[in-house]
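Structural overview for review
Read off the chains here:
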Amino acid sequence: MKKKIAIQGIKGCFHHAAVIRYFEGCNYKLIECSSFRELACSVAKSNVDIGVMAIENTIAGTIVTNYSLLSEYNNLRIVGEVYMPIHHHLMVFPGQNMEDIKEIYSHPMALLQCELFINAYPNIKISEYSDTAAAAKYISVRKKKGLAAIASEYAAKEYELEIISRNIQTITSNFTRFFIIKNFPKKENSFNKASLRFKILHKTGSLSQILSFISSLGINMTKIQSIPLIEKPWEYSFYVDVIFNSIKDYEVMKERIQRIPCLHKLSIMGEYKNGISLNKP
């Protein structure tokens, strides 16, 4: 039976590209969600087997609301990650060239990331669209001429559009990190990375005490993110990613860190394999 994998967006979007990369060779059914909340809810309620959720981008930064969703639906666990290079291409209904284009559609973030290219064509109207792949689909379905979309190569293939300008993003080293999430999965025996959530007492030096302790055990912290606690103004949860060579060292850290007086609560958001090795050119 095919596994159901939920994404935010439609076929041809960058979430779909992340699924193609991470689940290469697997047989699955793609479930399109209109929002990240719908995605998280679908996984939490077991309407799907797996979810793929963007969590941060090297240019735009962390998607804070998605960390909040992972906390809200507390039966969700991170079981993997994948880093996707983001390449933007200008695509059209076949048979056109740059001189034919009167308007460009795309998601606001994609438009921002292609600003230098866009600025070179001041006479072309720029219009925001809900999704990069949705813009490509619109042009394809309506057979629109004079319009172009900025989207991924996957979108061009999915909707049979012609790419007339490749890699138009301003910054070439643009990556998005995606979490692979499940509803209370079985514990893995082989992992070298974990995502943790801390709640600490609102006292001076509490955070530095926790971080110094982790560092003293030789465990590498690759990300620290603070998220405001809505119900407690000026207080925060802290999300920390750690990488380690020994699961035993990690288990020792989990056991000992809970003895630190300033730690109010420790939650394990996921234990999984470092996905950076999937970062293919």
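Residues numbered from 1 in each chain as written. Predicted model: local features only at pLDDT ≥ 70, side-chain atom pairs only at ≥ 80, totals over all residues. Heavy atoms only, no water.

**Describing the environment of Pro122**
Residue position: Pro122 is located in the loop between helix H5 (115-119) and strand E8 (125-128). The exposure class assigned to Pro122 is exposed, which follows from its relative accessible area of 66%. Considering only alpha carbons, one finds Pro122 and Glu271, 149 residues apart in sequence, at a separation of 48 Å. (Helix = DSSP H or I, 4+ residues; strand = E, 2+ residues; numbered from the N terminus. Buried < 20%, exposed > 50% of the residue type's maximum accessible area, 1.4 Å probe, protein only.)

**Thoughts on the confidence of the model for the protein**
With 98% of its residues at a pLDDT of at least 70, the protein reaches an overall mean of 92. Note that pLDDT drops below 50 for residues 277-281; the model gives that stretch 12 contacts with residues more than four away or on any other chain. (pLDDT = per-residue confidence, 0-100. Contact = heavy atoms within 4.5 Å.)

**Observations regarding helix H6 (residues 132-142)**
Owing to its 3.6 residues per turn, the α-helix aligns residues three or four sequence positions apart on the same side. Burial runs high along H6: eight of the 11 residues are buried. Where H6 is concerned, the buried positions are Thr132, Ala133, Ala134, Ala135, Ala136, Tyr138, Ile139 and Ser140. Looking at the buried side of H6, the elements it contacts are helix H1 (14-22), strand E6 (89-92), strand E7 (103-106), helix H4 (108-113), strand E9 (147-151) and helix H7 (153-158). Its side-chain oxygen at 3.0 Å from the backbone nitrogen of Ala133, Asp131 defines the N-terminal cap of H6. At the exit of H6 stands Lys143, carrying a positive phi of roughly 55°. (Polar contact = N/O pair within 3.5 Å; in protein donor to acceptor, adjacent residues only side chain to side chain.)

**Some remarks on the side chain of Lys193**
By secondary structure assignment, the location of Lys193 is in strand E12 (residues 193-200). Lys193 gets classed as buried once you look at its relative accessible area, which sits at 2%. At a separation of 2.9 Å, a polar atom in the side chain of Lys193 contacts the side chain of Glu81. Among the polar contacts listed, one links the side chain of Lys193 to the side chain of Tyr83, at a separation of 3.3 Å. If near-sequence neighbours (up to four positions away) are discounted, Lys193 is found in contact with Glu81, Tyr83, Arg177, Thr222, Asp241, Val242, Ile243, Phe244, Gly270, Glu271, Tyr272 and Asn274.

**Structural notes on the pattern of salt bridges**
Evaluated as defined, the whole model comprises 13 salt bridges. The shortest N-O distance in the salt bridge between Glu255 and Arg259 comes to 2.6 Å. Look at Glu255 and you get partly exposed, because its relative accessible area is 41%. Here the salt bridges do not stand alone but share partners, grouping Glu56, Glu81, Arg177, Lys193, Lys223 and Asp241 into one network. (Salt bridge = Lys/Arg side-chain N within 4 Å of Asp/Glu carboxyl O.)

**Some remarks on helix H8 (residues 206-216)**
By the burial criterion, the buried members of H8 are Ser206, Ile210, Leu211, Phe213 and Ile214. Here the buried residues of H8 occupy an arc of 155° about the axis, which is enough to place them on one side. Where H8 is buried, its residues contact E12, strand E13 (220-228), strand E14 (236-243), helix H9 (247-257) and strand E15 (263-272). Two residues or fewer after H8 comes Gly218, characterised by a positive phi angle close to 80°. (Arc of directions from axis to C-beta.)

**Topic: the pairing of E9**
With respect to burial, E9 is a largely interior element, five of its five residues being buried. The alternating pattern of E9 places Leu147, Ala149 and Ala151 and Ala148 and Ile150 on opposite faces, both of which are buried. Relative to E9, E6 runs antiparallel, the two sharing four bridges. Among the inter-strand pairings, Leu90 is bridged to a residue of E9, identified as Ile150. Relative to E9, E7 is paired through three bridges, and the arrangement is parallel. Note on E9: the bridge partner recorded for Glu103 is Leu147. (Pairing = 2+ DSSP bridges.)

**What about the packing of helix H2 (residues 36-44) against helix H3 (residues 64-72)?**
H3 packs onto H2 with a crossing angle of 25° between their chain directions and a minimal axis gap of 10 Å. Relative to H3, H2 is oriented roughly parallel. Here H2 runs over H3; the crossing is right-handed. Residues Phe36, Arg37 and Ala40 of H2 form the contact with H3, whose participating residues are Asn66, Leu69 and Glu72. (Axes fitted to C-alpha atoms, helices over the stretch in contact; angles between N-to-C directions. Parallel < 35°, antiparallel > 145°, perpendicular 65-115°, else oblique. Left-handed = near helix turned anticlockwise from the far one by under 90°.)

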